[in-house]
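Listed below, chain by chain, are the residues.
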Amino acid sequence: MSIDLTHYLIVGALLFSIGLYVTLAKRNVVGILMGIELMFNAVNLTFIAFSRFVESAQPISGHVFVIFIITVAAAEAAVALALAVVVYRNRTTIDIDKINLLRW
Amino acid sequence: MDDAGTIVAFWMLTVMTLGAALMVVIVRNLFHAVLSLILSFIGVAGLYITLSADFVAVAQVLIYAGAISVLILFAMMLTPRAARDNAETFLQGPALVLAGLAAATIAGVAAATDWSEASRGPFTETAQAIGEALLNRYVLPFEIASVLLLVAMVGAIVLVRED
């Protein structure tokens, strides 16, 4: 059997759903951020797979998109982890069940 | 992609990536979860190489497995040992259902759709083509990305500064 586009898409779907579960269910802010990074990776893998397999006038565009996603993900991780440190400094916890300042 | 080496590499990297991602869910210690996450990133980089995306694979190892993992470890070390559990909230059940539905939907659509696959063959070299695309067609997003990185860097420094 050969490896084709569908294999990569299913791997991407499984990786995305694992990241979705981590993001929704984890209690720690750092854990939630790890879930978001897993989802980014799943989307990047799907982009690269489409870029490799699907007919297109400019097949390299998928790679360029992935470079931009990695850039934005790095910026997002820096700001989000700075926010986690600030929240810990002010509330002495990063447990999202206890950060309920805006809950009614 | 019919040669045996590629097929074996694909399955091994898939097991490594998804297994490490599952370890992120299962492991109780947050430190071990970050180490599993690094392993998962490296597995994804290997999958990029099987797709002949050499430049993106190197960028993945440098930025995800290097920079972002170190950043996450730093943030974790700045919080005390007691805050390092990896437990779930009360949303565990609904999240599990939602994640299962997402996986089934995306995988079902991916398997059922005809993607009009090309018989183009693998890329021979991507770095040159990516560089040309970044400086011709995508030059405006390229410049905006540099501003975004500057803003994120200044913002992170301002947020964690003590005064």
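Above this text you will find the structure in question.
Just so it is clear, the model here is predicted, and its values are computed rather than measured.

A short note on the overall build of chain A
Along its length, chain A carries three helices and zero strands. Going residue by residue from the N terminus, the α and β elements of chain A occur as α-α-α. Over its C-alpha atoms chain A spans a radius of gyration of 17 Å, topping by over 25% the 13 Å that the globule rule assigns to 104 residues. The principal-axis extent of the C-alpha atoms belonging to chain A is close to 50 × 25 × 25 Å.

Comments concerning the nonpolar core
Nonpolar side chains in soluble globular proteins generally cluster together in the buried interior. Core analysis: the largest hydrophobic core is formed by 66 residues, its most contacted members being Tyr8 and Met34 of chain A together with Tyr48, Val56 and Ile72 of chain B. Where this core is concerned, the elements lending two or more residues are α1 (5–25), α2 (29–53) and α3 (61–91) of chain A together with α1 (4–26), α2 (30–50), α3 (54–77), α4 (92–112) and α5 (127–135) of chain B. Val56 of chain B has contacts with Ile48, His63, Val66 and Ile67 of chain A together with Tyr48 and Ile130 of chain B, leaving out every residue within four places of it along the chain.

Topic: the packing of aromatic side chains
A complete count under the given rule lists seven aromatic pairs over all chains for this structure. Centroid distance Phe41 of chain B to Tyr64 of chain B: 4.9 Å. Interplanar angle 50 degrees. Geometry classified as tilted. Linking Phe41 of chain B in helix α2 with Tyr64 of chain B in helix α3, this pair joins segments that are 23 residues apart in sequence. The exposure class assigned to Tyr64 of chain B is buried, which follows from its relative accessible area of 0%. An aromatic cluster is defined as three or more aromatic residues linked by ring pairs; in this entry it consists of Tyr8 and Phe53 of chain A together with Phe10 and Trp11 of chain B.

Remarks on the interface of chain A and chain B
At the junction of the two partners, chain A supplies 71 residues and chain B supplies 84 residues. Interface area for chain A against chain B, summed over the two sides, is near 7100 Å², with a carbon-plus-sulfur share of 76%. Per-residue buried area on chain A facing chain B is highest for Tyr21, Met34 and Arg52 of chain A; these three make up 11% of the total on that side. Counting across the chain A and chain B interface gives zero salt bridges.

Basis of the calculations
- Residues numbered from 1 in each chain as written.
- Chains lettered and ligands numbered in written order.
- Predicted model: local features only at pLDDT ≥ 70, side-chain atom pairs only at ≥ 80, totals over all residues.
- Heavy atoms only, no water.
- Helix = DSSP H or I, 4+ residues; strand = E, 2+ residues; numbered from the N terminus.
- Rg over C-alpha atoms; globule rule 2.2 N^0.38 Å.
- Core = buried A, V, L, I, M, F, W, Y, C linked by side-chain atoms within 4.5 Å.
- Buried < 20%, exposed > 50% of the residue type's maximum accessible area, 1.4 Å probe, protein only.
- Contact = heavy atoms within 4.5 Å.
- Phe/Tyr/Trp six-rings, centres within 6.5 Å; stacked < 30°, edge-to-face > 60°.
- Buried area = accessible area lost by both parts, 1.4 Å probe.
- Salt bridge = Lys/Arg side-chain N within 4 Å of Asp/Glu carboxyl O.

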